[in-house]
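Residue-level listing of the chains:
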Amino acid sequence: MAEIAHDRRTAGASSLGGVPELKALEARIEHLLGGWAGQGIEVKGFAPVLLDFPSVLDGVSVRLCWIEGETALGWYHRTDLGFAGRRPLR
């Protein structure tokens with residue numbers, strides 16, 4: 001998707017496709033992400049992948065958060081603070 005969009009911006013066209021291909025890729029991503037949302041997973045980004053999992057910690061609403069490249073789920077942030085309030089679980 002990024003390559004098609006970049007090529008279209010810079011060269012006006014892409015050998016990988018055009019608007020129909022972009023729309024098809026967007027629809028596929030939405031479909032995949034929708035399945036995650038149905039399991040309570042909040043997708044916050046996908047380049048890199050950033051996922052939040054709603055939870056409660058010491059009676060406070062939090063999001064357990066994971067970013068691509070981490071080997072374990074070891075971080076959280078208060079729901080109202082977002083990623084900037086990220087703290088280690090341990």
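The model shown is predicted, which means the values in this text are computed figures rather than measured ones. Note that residues are indexed from 1 along each chain, following the sequence as it is written. The predicted nature of this model means local features are confined to residues of pLDDT at least 70 and side-chain atom pairs, given and counted, to a pLDDT of 80 or more, with totals for whole chains, interfaces and linings taken over all residues. Working from all heavy atoms in the structure, the side-chain values ignore hydrogens and water.

Asks: So what exactly am I meant to see when it comes to the overall build of the chain here?
Replies: By definition, any uninterrupted DSSP run of H or I lasting at least four residues is a helix, any uninterrupted run of E lasting at least two residues is a strand, and each is numbered from the N terminus. Scanning the chain from N- to C-terminus turns up two helices and five strands. Secondary structure elements in the chain, listed N-terminal to C-terminal, are α-α-β-β-β-β-β. We compute the radius of gyration over the C-alpha atoms and compare it with the globule rule, which gives 2.2 Å times the number of residues raised to the power 0.38. Over its C-alpha atoms the chain spans a radius of gyration of 17 Å, topping by over 25% the 12 Å that the globule rule assigns to 90 residues. If one aligns the C-alpha atoms of the chain with their principal axes, the spans along those axes are about 55 × 25 × 25 Å. Only protein chains enter the area calculation, which uses a 1.4 Å probe; residues under 20% of their type maximum are buried, those over 50% are exposed, and those in between are partly exposed. Evaluated residue by residue, the chain yields a buried proportion of 23% over its 90 residues. Any two residues having at least one pair of non-hydrogen atoms within 4.5 Å are treated as being in contact. Of the contacts formed within the chain by residues at least 6 apart in sequence, a portion of 6% connects residues at least 24 apart. The Shrake-Rupley method, run with a 1.4 Å probe sphere, supplies the accessible areas, and residue values consider only the shown protein chains as cover. In the form shown here, the chain has an accessible surface area of approximately 6,200 Å², with 58% of it arising from carbon and sulfur atoms. We score Asp and Glu as negative and Lys and Arg as positive, and we do not count His or the chain ends. For charged residues, the charge sits on one atom: NZ in Lys, CZ in Arg, CG in Asp, CD in Glu. In the chain, which carries 10 positive and 11 negative side-chain charges, the distance between the mean positions of the two groups comes to 4 Å.

Asks: How should the side chain of Asp-52 be read in this particular structure?
Replies: Positionally, Asp-52 belongs in strand 2 (residues 49-57). With no salt bridge to any partner, buried Asp-52 finds its closest opposite charge in Lys-44, at an N-O distance of 4.3 Å. Counting of polar contacts relies on pairs of N or O atoms within 3.5 Å, with two restrictions inside protein: one atom must be capable of donating a hydrogen and the other of accepting it, and residues adjacent in sequence are counted only when both atoms are side-chain atoms. Reaching out from Asp-52, the side chain makes a polar contact with the side chain of His-77 at a distance of 3.1 Å. In this structure Asp-52 touches Gly-40, Ile-41, Glu-42, Lys-44, Arg-63, Leu-64, Cys-65 and His-77, once residues within four positions along its chain are discounted. Whenever a carboxyl oxygen of Asp or Glu lies within 4 Å of a side-chain nitrogen of Lys or Arg, that contact is scored as a salt bridge.

Asks: Please clarify how the sheet that holds strand 3 (residues 60-67) should be interpreted in this entry.
Replies: The strands making up a sheet associate through backbone hydrogen bonding, with each pair oriented either parallel or antiparallel. Any two strands with at least two DSSP bridges between them are considered paired. Across the sheet, which stays open at both edges, the five strands sit in the order 1-2-3-4-5 with antiparallel pairing between neighbours. Lying at the two open borders of the sheet, with one neighbouring strand each, are strand 1 (42-46) and strand 5 (87-88). Pairing of strand 2 with strand 3 involves eight bridges; the strand directions are antiparallel. Looking at the pairing, Val-56 lines up with Ser-61 of strand 3.

Asks: Can you walk me through the packing of helix 1 (residues 2-11) against helix 2 (residues 19-37) in this structure?
Replies: Helix packing for two helices is described by the angle between their axes and how far apart those axes are. Working convention: axes come from line fits to C-alpha atoms, limited for helices to the stretch in contact. Angles between N-to-C directions cover 0 to 180 degrees. Where helix 1 contacts helix 2, the two axes come as close as 10 Å, and the packing angle between them is 150 degrees. Put simply, helix 1 runs roughly antiparallel to helix 2. In terms of crossing hand, the pair formed by helix 1 and helix 2 is left-handed. Judged by residue contacts, Ile-4, Ala-5 and Arg-8 of helix 1 engage Val-19, Glu-21, Leu-22 and Leu-25 from helix 2. Its residues placed into classes, the contact of helix 1 with helix 2 shows five nonpolar, no polar and two charged. For classification purposes, angles smaller than 35 degrees are called roughly parallel, those larger than 145 roughly antiparallel, those between 65 and 115 roughly perpendicular, and all remaining angles oblique. Whether a crossing is left-handed or right-handed is set by the direction in which the near helix is turned from the far one by less than a right angle, anticlockwise for left-handed and clockwise for right-handed. Three categories are distinguished: nonpolar for Ala, Val, Leu, Ile, Met, Phe, Trp, Tyr, Cys and Pro, charged for Asp, Glu, Lys and Arg, and polar for the others, with Gly belonging to the last.

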